[in-house]
Amino acid sequence: MSKIDYQTLLDNALKTVVKDALTHAQINGLGDGTHFFITFKTRDAGVVLPDFLRIRYPDIMTIVLQYSYNNLHVSDKEFGVQLTFDGRPFFIRVPFSALVEFKDPSVDFMLSFHPKAQPSADNDMELPLEEKPGTVADPGRVVSLDEFRKNRNK
């Protein structure tokens, strides 16, 4: 018989608080100084970010929902929002499983999560060069292109 994973149960319950707060903001907007700092793992499966942000924030990223955000959409498993980066609007999507921290400084409220290791998003950038699909690492031999040219001309 396996043990009860109370940390996971607690994280799931607290993510419901985040989901409910975001749903409230989706329906009613953010009022009087309310703003959310949301920190998440950028490489978790299901996270949708522009490539330049994934490069700039290779592990974790914090977004702020306060004045300029649009199209906040909350579902049972994730939320999506349009934010402006470098003067241009981009839509991002974050599964609740990727959350690391949620803060509302206007009321001194903070939740921290303990995300489990998950398979990364399908992106070659996190793989070491020798492990990229379609490459074969052979550190003992450097192959010259001239060898292939000579064989081809025969």
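For the structure, check the block above.
As the structure is a prediction and not an experimental result, all values here were calculated from the model. (Residues numbered from 1 in each chain as written. Predicted model: local features only at pLDDT ≥ 70, side-chain atom pairs only at ≥ 80, totals over all residues. Heavy atoms only, no water.)

A. Spatial organisation of the overall build of the protein. Across its full length, the protein holds three helices and seven strands. Each helix and strand of the protein, placed in order from N terminus to C terminus, yields the pattern α-β-α-β-β-β-β-β-β-α. When burial is assessed residue by residue, the protein has 27% of its 154 residues classed as buried. Long-range pairs, those at least 24 residues apart, make up 53% of the contacts in the protein with a sequence separation of at least 6. (Helix = DSSP H or I, 4+ residues; strand = E, 2+ residues; numbered from the N terminus. Buried < 20%, exposed > 50% of the residue type's maximum accessible area, 1.4 Å probe, protein only. Contact = heavy atoms within 4.5 Å.)

B. Representation of the pairing of strand S2 (residues 60-65) within the structure. Side-chain alternation along S2 places Met61, Ile63 and Leu65 on a buried face and Ile60, Thr62 and Val64 on a face that remains uncovered. Pairing of strand S1 (residues 36-41) with S2, which is carried by six bridges, proceeds in the antiparallel orientation. Counterpart to phenylalanine 36 in the pairing with S2 is leucine 65. (Pairing = 2+ DSSP bridges.)

C. Structural view of the pattern of salt bridges. Tallied over the full model, the rule gives six salt bridges. Taking the shortest distance from any N to any O, the salt bridge between aspartate 20 and lysine 19 comes out at 3.9 Å. Classification of aspartate 20 by relative accessible area gives partly exposed; the value is 43%. For lysine 103, the salt bridge goes to glutamate 101, with nearest N and O atoms at 3.6 Å. Within this structure, Lys19, Asp20 and Asp76 form a network of salt bridges that share partners. (Salt bridge = Lys/Arg side-chain N within 4 Å of Asp/Glu carboxyl O.)

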